[in-house]
Amino acid sequence: MNNIKVRFAPSPTGPLHIGGARSALFNYLYAQNRQGSMVLRIEDTDLERSAAEYEQEIIDSLTWLGIRWQEGIDVGGGNGPYRQTERLDNYNGYVEKLIREGHAYHCFCTEEELEEERRLLMEKGQIVKYMGKCRELSEVERNAKREQGLVPTVRFKVEQNKTIVVNDLVRGKVVFNSDEIGDFIIVKSDGIPTYNFAVVLDDHDMNITHVIRAEEHLSNTPRQLMIYEALGFDVPEFAHISLILGSDRQKMSKRHGATSVVQYREKGYLPEAVFNFLALMGWSPEGEEEILSHDEIVRQFSLDRVAKNPAVFDLDKLNWLNAQYIKKQSIDNLGEMLQVFLQKSPHWDAVRTLDDVSFSVLIEALHDRLVCLSDVVEEIEPFFAFPVYDGEALEMLAQEETRQMLAAFLEHLPDQLDLDLARSFMKGFPKSVQLPGKKVYMPLRIALTGKRQGPELPFLFTVMGPKEVRRRIGGVRGKE
RNA sequence: GGCCCCAUGGUCAAGCGGUUAAGACACCGCCCUUUCACGGCGGUAACUGGGGUUCGAAUCCCCAUGGGGUCACCA
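Residues numbered from 1 in each chain as written. Chains lettered and ligands numbered in written order. Predicted model: local features only at pLDDT ≥ 70, side-chain atom pairs only at ≥ 80, totals over all residues. Heavy atoms only, no water.

In the sheet, strand E6 (residues 163–168) pairs with strand E7 (residues 172–177) via six bridges, with the strands oriented antiparallel. Across the sheet, the residue bridging to Asn167 is Lys173, located in E7. Taking the residues between adjacent antiparallel strands as the criterion, E6 and E7 are bridged by three residues. (Pairing = 2+ DSSP bridges. Helix = DSSP H or I, 4+ residues; strand = E, 2+ residues; numbered from the N terminus.)

Here is the structure:
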C-alpha cells in the first residue's frame, strides 16, 4: 500500500452521466492498478441544483458498475465529512487566511454591475473578466457598503502577468497566463465556497495525490493552482481526460439518447460490459484483445495509454460487447438475469408456468440472440404470441402440398418432446414424408409463428410442447 | 471573440523517425445453417492541408483549417 489517493467528486445535480462514470472508472482503475485508494466526495455547493436523491442514484450507479471506494459519503473515513455543504466550517479558516495575507478581498459588486461591466468589455472587444473594482476598497468603504445592506462575495486576487504551468499527466505541460483571468469569486454571497475554491481545499485536506477528471476542468486548473500557491499547499498530479462526444461530435447530452448509467442498466446492459466499454473509451490495452475482465483491465491500466483526443460514443460497439457478455453467461445465470425483464412481457404468465426444463430451452434459444436483456421481450414473441398470418403466409399455407405435409406432420409428431427428441424428429421427418426440407421447414415455421424468421424449430416445439404445436397447426388447417 | 486542448478508415484506436500503417465495432462478400441470428473466413476503408527539420516523417517544429472545451455568486 502506497499513498496514492484519487477521488471522484460528482455534484448531485442529475443522474450519473456516462462521462462521469468514465471519469470515476479511470480514477478507480488508476487507484487499483497502483494499489492506492479512492474517495467519493459529493460537491453539492450548488444549493439550487443539488438534490439528495441524485446522491443515492450516483452511488447506486457506481456500485452497479463495480466501482468501489475506500473513503466517502456512504462508507465514511478519516477525512470526512464527504459532503461539501457539511464542510463549511473547514473552509472559513482558509478564507480568513487568504484575506489576511492579501490574497483575497470582499467584493460588493451586484449582479447588475457585473453584467454591465461584462457588456462594456464585450463591446470594446476586450477580454471579459472582472476588472477589480472592489480590490482596493478601504475599510471605511467596505463598512459603508455593508451598511447599505450589500452582502459581499470573496474574490481571489489574481497576480497579473504570471505564467502558470499545469503539469498534466496526459497532456504534458499546459501553459496559461494569469492576465486572462480576472479576480474570481471563491465564496459566494450566501457564504458557500465556489467549486474552484472548495475543490482545492478538499483535495488538500483529503490528501488527494492525483486529480483525474474531464478535460472541461483543464481551463479551471490555473485558478486552482493559484490557490494552492497562495495557501502554500503541495500540488497534486493532474490528469485531464478528454470528453465523450455524441455522434455529431458535440459533448454528449440528452438529445444523443441514453446518457445516464441507469438508462443502460434499465435497458439490460450488463455492468461488466459497460465497465469494459467505458474503459475502452479513451484507454487502450496493449494487446489486441478488447474483451477484458475487471481484473485484467485493472492490471493493465495506465495513464500512459490514455488518449488525448475526444471519443465519440459508439453504441454499436457497446451493443456488440454486451452481446458478447451475454453469450458468456451460463443458461441458468442468464435465466436469472432475465427474470425482471421477462416480467414486463405480456407473456409473463405463460413464461412463469413453464417447467424448469422448458424454461432452460427457452433461454438457450435466446442465448445468442440478445443484444441487451430487454430484447428478451421481443425475442420470446414467436414462442408465445398467437400467430398472425400475412398474405404471403396464407398463400403458402393454402398450397395443397403444404396442407398434406401438415397433416402428415400431425400424425408423426410424438406426444412427448424434449430438445433432443425434437431435433432428431425434425431431422428425420422430411424423409419420412418424402419431401425436400425446403417444403417442410419454412411452411412449418410459418404455420407455427406466422413469421419467416425466428428460433430453430426444435426450440419452438420443445417450449410450446406437442399440444400447443398441434393446436396451432390444427388452427391453420381449419382455415379453408 | 480571447485562451486552452485535440487531429490516423464511418466509429473506437495501435503507432511514440525507417511498418506491406495493427486490431476492434460497423459495413460488404463467402462459408456454416433448408429461416433469422450466432459463428468462421475474406474484403472495402485512414495518416486534414501547407511549409520546414532529417538520408528518411503518421511520428519532431511552425502556420493554416477543422473539431472540442472554457471564459458564472455551475460544477
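Picking up where we left off.
A few words on the side chain of Asp183. Examined against the element boundaries, Asp183 turns out to sit in the loop between E7 and strand E8 (184–187). Residue classification places Asp183 among the buried residues on the basis of a relative accessible area of 5%. A polar contact of 2.5 Å, which involves the side chain of Asp183, links it to the side chain of Tyr105. (Buried < 20%, exposed > 50% of the residue type's maximum accessible area, 1.4 Å probe, protein only. Polar contact = N/O pair within 3.5 Å; in protein donor to acceptor, adjacent residues only side chain to side chain.)

As a further point, take the nonpolar core. Counting residues in each nonpolar core, the largest one holds 142 residues, and the members touching the most others are Ile67, Ile186, Phe409, Leu444 and Phe461. Every residue in contact with Ile67, bar those within four places of it in the chain, is listed here: Ala21, Ala24, Leu25, Tyr28, Met38, Leu62 and Phe275. Counting eight residues, the second-largest nonpolar core is a separate cluster that includes Cys107, Phe108, Cys109 and Leu137. (Core = buried A, V, L, I, M, F, W, Y, C linked by side-chain atoms within 4.5 Å. Contact = heavy atoms within 4.5 Å.)

Within strand E9 (residues 210–214), five of the five residues are buried, which leaves the element mostly enclosed by the surrounding structure. When E9 meets strand E10 (residues 237–241), the two strands line up parallel, connected through five bridges. Among the inter-strand pairings, His210 is bridged to a residue of E10, identified as Glu237. Read from E9 through helix H7 (residues 221–231) to E10, the crossover connection turns out right-handed. (Right-handed = clockwise from strand over helix to strand, strands pointing away.)

Time to look at the protein's contact with RNA strand B. The local shell around RNA strand B holds 59 residues, among which Arg171, Lys188, Gln250, Arg369 and Gly437 are the closest. Of what RNA strand B places within 4 Å of the protein, 73% of the atoms are sugar or phosphate. Between RNA strand B and the protein, one listed contact pairs a phosphate oxygen with a side-chain N or O atom of Lys188 at 2.9 Å. Secondary-structure elements contributing two or more residues to the surface near RNA strand B are E7, strand E12 (311–312), helix H11 (315–328) and helix H20 (441–449). Counting residues per element, the surface near RNA strand B draws most heavily on H11, at five residues. (Near = heavy atom within 4 Å.)

A few words now on the pattern of salt bridges. In this structure the tally under the stated criterion is 27 salt bridges. Between Glu216 and Lys251 there is a salt bridge; the shortest N-O distance is 2.9 Å. Taken as a pair, Glu216 in the loop between E9 and H7 and Lys251 in the loop between strand E11 (244–245) and helix H8 (261–267) lie far apart in primary sequence, 35 residues in all. The residue Asp415 makes a salt bridge to Arg470 at a minimum N-O spacing of 3.4 Å. (Salt bridge = Lys/Arg side-chain N within 4 Å of Asp/Glu carboxyl O.)

This part is about helix H4 (residues 111–123). With 13 residues, H4 extends 18 Å between its outermost C-alpha atoms, agreeing within 8% with the 18 Å of an ideal straight helix rising 1.5 Å per residue. Within the sequence span of H4, burial applies to Leu114, Glu117 and Leu121. In an axial view of H4, the angular spread of the buried residues amounts to 60 degrees, which keeps them on one side of the axis. Residues Glu111, Glu112, Glu115, Met122 and Glu123 are exposed on H4 and point more than 90 degrees away from its buried face. (Expected span 1.5 Å × (residues − 1). Arc of directions from axis to C-beta.)

So, about the sheet that holds E8. Spatially, the three strands line up as an open sheet ordered E4-E5-E8, and their pairing is antiparallel. Each of the sheet's edge strands pairs with one partner strand only, and the pair in question is strand E4 (104–107) and E8. Mean inter-strand twist for the sheet, computed between neighbouring axes without regard to direction, equals 45 degrees. Contacts from helix H3 (residues 88–100) reach E4, strand E5 (153–156) and E8 within the one sheet, and its direction differs from that of E4 by about 100 degrees. (Axes fitted to C-alpha atoms, helices over the stretch in contact; angles between N-to-C directions.)

Tallied over the full model, the rule gives 14 aromatic pairs. Relative to Phe313, the ring of Phe277 lies with its centre 5.3 Å away and its plane at 80 degrees, an arrangement referred to as edge-to-face. Pair noted here: Phe277 is in helix H9 (residues 271–280) and Phe313 is in the loop between E12 and H11, with a separation of 36 residues, a long-range link. Between Trp283 and Phe301 the ring centres are 5.7 Å apart and the planes differ by 35 degrees, which places this aromatic pair in the tilted class. In this pair, Trp283 sits in the loop between H9 and helix H10 (294–300) while Phe301 sits in the loop between H10 and E12, placing the two residues 18 residues apart along the sequence. Assigned by exposure class, Trp283 and Phe301 land together as buried. Following the ring pairs from residue to residue traces out a cluster consisting of Tyr264, Tyr269, Phe277 and Phe313. Just above the ring of Tyr130 sits the side chain of Arg155; from NZ or CZ to the centre is 3.5 Å. Directly above the ring of Tyr325 sits Lys328, whose terminal nitrogen or CZ lies 5.0 Å from the centroid. (Phe/Tyr/Trp six-rings, centres within 6.5 Å; stacked < 30°, edge-to-face > 60°. Lys NZ or Arg CZ within 6 Å of the ring centre and 35° of its normal.)

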